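Architecture and fold: a report
Next come the chains, spelled out residue by residue.
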There are 2 protein chains.
Amino acid sequence: MSKSLVSRALRGEPAVADGTRQRIVAAAAALGYRPNAGARSLAARRSNAIGFVITGLFDPFWGEVVHSIDRAAEQNGLSALYMSGAFDSGDSDMWLDRFVAYREMEAIERLLEYRIDGMGVGLGGHLDLEELEEIASVAPLVAMMIDYRSSVFDTVTVDEDTALNLAIEHLRGLGHEQIVFLGEGTRPATRARVAAYLRAMEQAAAGIDPVVYPCALLQGDGYETMRSLIEADQVPTAIVAITDGVARGAVIAFTEAGLSVPDDVSIIGYDDSMHAVAGQPLLTTIRVPRRELGATTVRLLVERRNGRSITSTVMLRPSLVVRDSTGVSTRARRNLATRP
Amino acid sequence: MSKSLVSRALRGEPAVADGTRQRIVAAAAALGYRPNAGARSLAARRSNAIGFVITGLFDPFWGEVVHSIDRAAEQNGLSALYMSGAFDSGDSDMWLDRFVAYREMEAIERLLEYRIDGMGVGLGGHLDLEELEEIASVAPLVAMMIDYRSSVFDTVTVDEDTALNLAIEHLRGLGHEQIVFLGEGTRPATRARVAAYLRAMEQAAAGIDPVVYPCALLQGDGYETMRSLIEADQVPTAIVAITDGVARGAVIAFTEAGLSVPDDVSIIGYDDSMHAVAGQPLLTTIRVPRRELGATTVRLLVERRNGRSITSTVMLRPSLVVRDSTGVSTRARRNLATRP
DNA sequence: CTGTTAGCGCCTTCAA
DNA sequence: TTGAAGGCGCTAACAG
């Protein structure tokens with residue numbers, strides 16, 4: 001009954017006699033034995049763990065991704081460790097403002113110390129590509145939902161062009177002419193979205209100038225931005241918002257101002273998050289296939305672990321979930337009627 | 001320049017000459033050296049890491065707790081590792097239904113393999129006290145937001161009596177007589193809430209029978225339960241819901257049925273979550289001090305690490321956030337007028 | 001099928 | 001202030 005025999009028995013290796021294994025397993029259970037992950041990864045030179053740094057852990061969007069990651073990890077015999085990439089740094093209202101200190105690189109470094117077999121990141125701060133590529137040279141890296149195309153690390157993103165085309169075609173079909181975008185594209189996680197809006201407008205609404213109202217990502221931001229538009233009397237008939245939170249904030253601003261959604265203004269959100277179904281009207285929104293996002297990320301990590309060396313970029317296809325925040329507005333109706 | 005000298009220099013131990021340390025640190029940076037957490041914890045017999053199993057990672061409530069945990073952990077020189085205690089097991093609509101497979105014990109076991117110095121749990125499944133106490137004998141354990149009083153592990157919860165008293169006194173002050181509770185108390189995380197409602201009613205509304213309408217925790221559950229009450233024509237004038245989601249669902253059901261909140265019905269939510277501000281009216285709700293929850297949990301863990309052996313239970317004091325979903329209803333107004 | 005040997009990378013004595 | 005030796009708990013060869 002040597003140490004190594006026990007080790008093999010407990011890990012379920014085949015070359016152990018059945019009876020022996022049973023006795024070993026029984027003894028281990030009786031003694032409350034629990035393997036030491038550190039020692040194991042030290043000796044095996046492989047941790048059987050994958051790590052994730054997800055900044056918006058407070059965001060339900062990532063929650064569902066986490067669930068699918070966990071499922072996929074388990075199916076591959078891996079444990080999934082998570083670290084948060086931010087902490088709060090004030091005491092503002094979580095949902096309406098944001099006072100978040102990013103520490104994504106620190107979290108990534110920490111995770112690397114655990115000698116994880118691969119890492120997925122869902123980031124929110126201003127990171128640079130080079131830093132991420134440096135990380136990727138240490139452990140396989142998959143960037144999720146981020147507008148980086150690297151030749152070094154893998155990426156799983158959403159096909160933003162499809163997303164924005166779906167949204168704008170939907171609104172065009174309802175007769176809307178003037179379709180504005182509410183959001184900003186200063187960070188890698190959102191840049192692509194704004195660019196896709198501009199392309200989609202050019203394609204589907206040629207001749208009409210695209211309009212982007214800069215706005216951060218939370219409900220309070222959408223609310224404030226819309227308030228100033230309402231005051232300036234510049235309310236468009238249709239809006240595509242960069243997140244559901246922003247869309248929800250806009251809806252609240254409109255409702256307060258006596259405007260109806262969708263009768264006066266149509267709004268499309270983005271993410272199909274809790275915001276979309278928390279409150280009225282339920283939001284029409286662009287849905288990112290969250291489960292696929294998690295499952296694909298794990299798959300890419302596992303492939304790397306098995307030796308794949310060429311970089312892989314996966315574009316997930318979003319869909320439009322049509323709910324109650326879009327419709328034919330008064331002004332849009334007029335447009336429809338006078339169309340050829 | 002021995003291994004041990006390098007080790008000491010990098011850990012910032014005092015007994016190293018300044019010049020030597022600088023050269024070592026520089027060399028380490030140049031070589032891209034990164035300590036191996038597993039080896040380190042193996043040799044030091046202490047991991048400087050604390051772990052958390054939080055089931056509702058998809059719930060924004062815990063997101064803010066995570067942020068405060070991270071902050072407190074960093075201040076104490078610890079890393080915080082997270083594992084999810086559930087994964088999705090169907091393909092239902094995430095926000096409206098729940099198809100979650102709990103695997104909390106597995107997650108806890110995994111974390112223990114990392115020989116973490118302490119662990120916090122925020123659980124949703126049906127766990128039993130004994131199992132948790134067994135865990136607590138292996139590593140310091142803090143149970144968060146759960147209705148277990150153990151003499152073995154520490155607990156940080158909310159003073160549910162205060163919470164329900166605040167809610168019911170608020171409603172009584174508005175003239176409401178009949179105050180029903182919408183929720184269930186079958187799990188340790190929610191049991192205390194129902195019990196507190198019953199006590200608070202006895203205390204503040206003696207003579208009026210408490211009424212509990214069983215209802216799970218999500219928005220869809222609140223919506224469905226209210227629908228059937230509306231159909232049965234049993235709508236009370238005041239409701240305390242077990243979560244904001246449930247409250248929001250109830251609001252939607254009422255609005256659809258042509259009833260006004262708060263004119264016809266007053267509703268109080270619980271958690272001050274995204275649901276509370278995701279629509280109109282904004283919900284009056286009970287707020288759990290989330291940052292304190294995280295910070296206190298870490299503090300307890302650190303204290304245990306420093307040798308505290310007596311069990312500690314911390315009750316956080318909740319507050320009532322008064323917004324727009326509570327008011328004097330038609331029926332309640334009548335009650336107010338006829339009171340002595 | 002089972003045992004032996006040699007580390008994995010780091011920290012902790014203890015000695016210099 | 002620095003170095004050498006030993007071992008943390010485990011797995012990976014290699015022998016038997």
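Look up: the structure comes first, before these words.
To start, this report covers the structure provided alongside it. In this text, all values refer to a predicted model and were calculated from it rather than measured experimentally. (Residues numbered from 1 in each chain as written. Chains lettered and ligands numbered in written order. Predicted model: local features only at pLDDT ≥ 70, side-chain atom pairs only at ≥ 80, totals over all residues. Heavy atoms only, no water.)

Looking at empty space enclosed by the protein
If you walk through the whole model with that rule in mind, you get five cavities of 30 Å³ or more. Quantified by volume, the largest cavity comes out at close to 120 Å³. Around the largest cavity sit 15 residues that line it, and Ala37, Gly38 and Tyr114 of chain A together with Gly38 and Tyr114 of chain B are the ones nearest its centre. Contributing elements (two or more residues each) for the lining of the largest cavity: α3 (37-44) of chain A together with α3 (37-44) of chain B. Classifying every residue of the lining of the largest cavity by side-chain character gives six nonpolar, seven polar and two charged. (1 Å grid on protein atoms, 1.4 Å probe; cavity = no way out; pocket = protein on both sides within 12 Å on 5 of 7 lines; lining within 4 Å. Points joined across faces, edges and corners; volume = space filled by probe spheres on them. Helix = DSSP H or I, 4+ residues; strand = E, 2+ residues; numbered from the N terminus. Nonpolar A, V, L, I, M, F, W, Y, C, P; charged D, E, K, R; others polar.)

Quick notes on unusual backbone geometry
Residue and element names in this part refer to chain A. With an omega of 15 degrees, the peptide bond running from Val261 to Pro262 counts as cis. Take Pro262: it is sitting in the loop between α10 (244-256) and β11 (266-270). A positive phi angle is found at Met145, which is not glycine, with a value near 55 degrees. For Met145, the location among the structural elements is in the loop between β6 (141-144) and β7 (154-158).

Let's talk about the protein's contact with DNA strand D
Neighbouring DNA strand D are 26 residues, the closest being Lys3, Ser7, Tyr33 and Arg40 of chain A together with Met1 of chain B. In DNA strand D, atoms within 4 Å of the protein come 67% from sugar and phosphate. Within the side chain of Lys3 of chain A, a nitrogen or oxygen atom sits 2.3 Å from a base nitrogen of DNA strand D. In the environment of DNA strand D, a phosphate oxygen lies 3.0 Å from a nitrogen or oxygen atom belonging to the backbone of Ala17 of chain B. Elements with a contribution of two residues or more to the surface near DNA strand D: α1 (3-11) and α3 of chain A together with α1 (3-11) and α3 of chain B. A per-class count over the surface near DNA strand D returns 13 nonpolar, six polar and seven charged. (Near = heavy atom within 4 Å. Polar contact = N/O pair within 3.5 Å; in protein donor to acceptor, adjacent residues only side chain to side chain.)

Digging into the protein's contact with DNA strand C
Within the structure, DNA strand C sits among 26 residues, and Met1 and Ser4 of chain A together with Ser7, Tyr33 and Arg40 of chain B are positioned closest to it. Between DNA strand C and Ala17 of chain A there is a distance of 3.1 Å, counted from a phosphate oxygen to a backbone nitrogen or oxygen.

Some words on the environment of Leu81 of chain B
Structurally, Leu81 of chain B can be placed in strand β2 (residues 79-84). Distance from Leu81 of chain B to Asp70 of chain B, taken between C-alpha atoms, is 9.2 Å for residues eleven residues apart in sequence. Each residue touching Leu81 of chain B, except ones within four places of it in the same chain, is listed here: Tyr82, Met83 and Tyr114 of chain A together with Ile50, Gly51, Phe52 and Leu111 of chain B. (Contact = heavy atoms within 4.5 Å.)

Some words on the interface of chain B and chain A
Of the residues lining the interface, 64 residues belong to chain B; the matching set on chain A comes to 64 residues. Note on chain B versus chain A: buried area summed over both sides is about 6100 Å², and carbon and sulfur give 56% of it. Between Glu74 of chain B and Arg103 of chain A there is a salt bridge, with its nearest N and O atoms 3.1 Å apart. Seen at the junction of chain B and chain A, the total is 17 residue pairs in polar contact (both at pLDDT 80 or more). The set of elements that each furnish at least two residues to the side of chain B that touches chain A consists of α3, α4 (60-75), β2, β3 (86-88), α5 (104-113), α10 (244-256), α11 (274-277) and α12 (290-305) of chain B. A total of ten residues in the side of chain B that touches chain A trace back to one element, the largest contributor, which is α4 of chain B. The residue inventory of the side of chain B that touches chain A, partitioned by class, reads 28 nonpolar, 17 polar and 19 charged. (Buried area = accessible area lost by both parts, 1.4 Å probe. Salt bridge = Lys/Arg side-chain N within 4 Å of Asp/Glu carboxyl O.)

Structural notes on a nonpolar patch on the surface
Residues Leu10, Val25, Leu31 and Tyr33 of chain B make up a contiguous nonpolar surface patch of about 400 Å² in total accessible area. Locating Leu10 of chain B in the fold gives a position in helix α1. (Patch = residues over 30% accessible without salt bridge, like charges linked within 9 Å, V, L, I, M, F, W, Y side chains within 5 Å. Areas by Shrake-Rupley, 256 points an atom, 1.4 Å probe, with all protein chains shown as cover.)

What about the nonpolar core?
In summary, soluble globular proteins display a tendency toward joint burial of nonpolar side chains. Formed by 131 residues in total, the largest nonpolar core has its most connected members in Phe52 of chain A together with Phe52 of chain B. Leaving out residues up to four positions away in the same chain, Phe52 of chain B has contacts with Ile69, Ala80, Leu81, Tyr82, Met83, Leu111, Gly120, Met144, Thr297, Val298 and Leu301 of chain B. In terms of nonpolar packing, the next biggest core, distinct from the first, is built from 50 residues, Met83, Ala107 and Leu112 of chain A together with Ala139 of chain B among them. (Core = buried A, V, L, I, M, F, W, Y, C linked by side-chain atoms within 4.5 Å. Buried < 20%, exposed > 50% of the residue type's maximum accessible area, 1.4 Å probe, protein only.)

Overview of the relation of the copies chain B and chain A
At an RMSD of 0.3 Å, chain B and chain A line up after a rotation of 180 degrees and a shift of 0.2 Å along the axis. Read as a symmetry element, the transformation amounts to a two-fold axis. Every residue of chain B has its C-alpha some distance from the rotation axis, and the shortest such distance is that of Gly38 of chain B, at 1.8 Å. Both copies contact each other with a shared surface, as 100% of the interface residues of chain B are interface residues in chain A too. (Least-squares fit on C-alpha atoms with pLDDT ≥ 70 in both.)

Thoughts on the sheet that holds strand β12 (residues 284-287) of chain A
Residue and element names in this part refer to chain A. If you walk across this open sheet you meet the six strands as β9-β8-β10-β11-β12-β14, and the pairing is mixed. The two strands at the open ends of the sheet, each matched to only one other strand, are β9 (211-213) and β14 (319-321). Between one strand axis and the next, the sheet turns through 25 degrees on average, direction left out of account. Sheet topology places strand β8 (residues 179-182) next to β9; three bridges connect them, and they run parallel. The residue bridging Phe181 from the neighbouring strand is Val212, located in β9. This element, helix α7 (residues 160-173), spans β8, β10 (238-241), β11, β12 and β14 of the sheet and lies at about 165 degrees to β11. (Pairing = 2+ DSSP bridges. Axes fitted to C-alpha atoms, helices over the stretch in contact; angles between N-to-C directions.)

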